[in-house]
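Observations on the three-dimensional arrangement
Okay, here's what each chain looks like letter by letter:
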Amino acid sequence: MSDCFINGIASISAQPTTDPDTFLEDIISHKEAIFRSHDPNYKEYIKPAAMRRMSKSVKMGVTTASMALNNSGVEMPDAIITGTGMGCKQDSEKFLENILNNDEQFLTPTLFIQSTHNTVGGQVALGLGCKAYNVTYVQGAASFETSVMDAQLMLSEESEINILVGGIDEIAKNSTLLHKLDGQIKEDDIDVIKLLDSDTPGTVASEGATFMVLGAETDKSLAKVINVETISEGTPLEIKASIEKFILNQGLSVEDIDAVVLGNNGDVGYDNYYNNLQSSIFSDKEQLCYKHLIGDFHVASSFGFWIGCKIFETNQVPAILKVNDISAKKYNNILLYNQYLGKNHSIALLQRC
Amino acid sequence: MAELREELKEKLIEQLSLEDVEVSEIGDNDPLFGDGLGLDSIDALELIVLLEKDYGIKLKDPKEGKAIFESISVMADYISKHRTK
């Protein structure tokens, strides 16, 4: 596999994460089971004429793509690859409501155009005038990682290209409520900062977008993506074995891992996947979690990539991320692991450049 | 007719998500496309749907829209002559 470096990254989440000079310094304490992202001033990044039709996911995606490109110094990517679990839900719902309310007549084009999963990738390309490879992966909670894997494959064939890779998911009125009805979201509102201590089923839902520019090493490189792997299903023991094998396959041992970034989401039914690792192979590692800050959504794991890059950049870890008392002496190898409802497990290893 | 023109301006702002535009900022004779309000071809399709849904006017040839959607005044004039609801 050819080398794959993160040369720019930006994230919009339920916390203020768009200021490149801060790293989770001012934390917003959310008190609901469903909460929205903390938005930057989108007008600074998107022309008003273009923005008037954009739903939340498109605004988040176009803005973080612009920020990541800006960070990397790349003006025109050679490919745009996006991942999303649910796509543009807001416009899909409006379009379906129009079908119902107007007896399948008078359907307007804008909502239809913007109701597809690849809308964000398309809008980013339109804004840039980029006619290159443009693909969207819809792979549940592994959508973002699947996009990264595609980028890695492209870089293995052509190492000098720059690939814009992003993950986007948004809250929508009806479909998010459906997830509450089927138990994916907690029944009652909670103090989200205490999410990881929760002993109830379900998690908290939010939204966000992370884009990064992948390519060969440059003077702006933030991290090296050693490898990414996804596993559809497995028991906690099988996943533990897979992670050990993944680390060995990179020519490393568990001892070489300095910190782990885990996707614990306070769901008493599925956090055992993480607990099993935290109490065994990662018991002497610095353990970091983030969903008590940004909530959960299908591409929430992309925030782990942002955290990894920020740690390499600042050599600091905000206390709010730490879930044990161990502090790594150095941060050279950071392992990311995430799953959702026991499915779509993803493992990624980031290394300091 | 003045009432219809105001109604059309409000519908345009709502239907086309012209969030930063006020009714008072749209002149009766301002061009809707190009240098005026800056509408584009997708907006033209939205307006065709609006004519049919709200006023019962079905354009047989979408190209007719170019003349009909020239300005609020022209649109209001066309609607008042052809509306079925």
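Conventions and cut-offs
Residues numbered from 1 in each chain as written. Chains lettered and ligands numbered in written order. Predicted model: local features only at pLDDT ≥ 70, side-chain atom pairs only at ≥ 80, totals over all residues. Heavy atoms only, no water. Phe/Tyr/Trp six-rings, centres within 6.5 Å; stacked < 30°, edge-to-face > 60°. Helix = DSSP H or I, 4+ residues; strand = E, 2+ residues; numbered from the N terminus. Buried < 20%, exposed > 50% of the residue type's maximum accessible area, 1.4 Å probe, protein only. Domains from an automatic or database assignment. Contact = heavy atoms within 4.5 Å. Buried area = accessible area lost by both parts, 1.4 Å probe. Salt bridge = Lys/Arg side-chain N within 4 Å of Asp/Glu carboxyl O. Polar contact = N/O pair within 3.5 Å; in protein donor to acceptor, adjacent residues only side chain to side chain. Nonpolar A, V, L, I, M, F, W, Y, C, P; charged D, E, K, R; others polar.

1. Describing the packing of aromatic side chains
All names here are of chain A.
- Enumeration according to the criterion identifies six aromatic pairs over all chains in this entry.
- Taking 5.1 Å as the distance between ring centres and 75° as the angle between the ring planes, the aromatic pair formed by F144 and F305 counts as edge-to-face. Of this pair, F144 sits in helix α6 (residues 143–157) while F305 sits in helix α11 (residues 302–314), and the two are 161 residues apart along the sequence.
- Exposure remark for F144: the relative accessible area of 0% places this residue in the buried category.
- Look at F303 and W306: their rings are 4.9 Å apart centre to centre, the planes differ by 20°, and that puts the pair in the stacked class. You can see F303 and its partner W306 sitting in helix α11, three residues apart, about one turn around the helix. For the pair F303 and W306, a shared accessibility class is recorded, and that class is buried.
- Pairwise contacts between aromatic rings join F23, Y290, F303 and W306 into one cluster.

2. Digging into the domain arrangement of chain A
All names here are of chain A.
- Taken domain by domain, chain A comprises domain 1 (5–215) and domain 2 (223–351).
- Listed per partner, the contact involves 55 residues of domain 1 and 44 residues of domain 2.
- When domain 1 packs against domain 2, the two sides together hide about 3900 Å² of surface, and 68% of this comes from carbon and sulfur.
- Our count for the domain 1 to domain 2 interface comes out at zero salt bridges.
- In this structure, the connection of domain 1 to domain 2 is made through 15 residue pairs in polar contact (both at pLDDT 80 or more).
- Elements that contribute at least two residues to the side of domain 1 that touches domain 2 include exactly β1 (5–12), α6, β4 (163–169) and β5 (208–215).
- No other element matches the seven residues that α6 contributes to the side of domain 1 that touches domain 2.
- The residue makeup of the side of domain 1 that touches domain 2, split by class, is 26 nonpolar, 23 polar and six charged.

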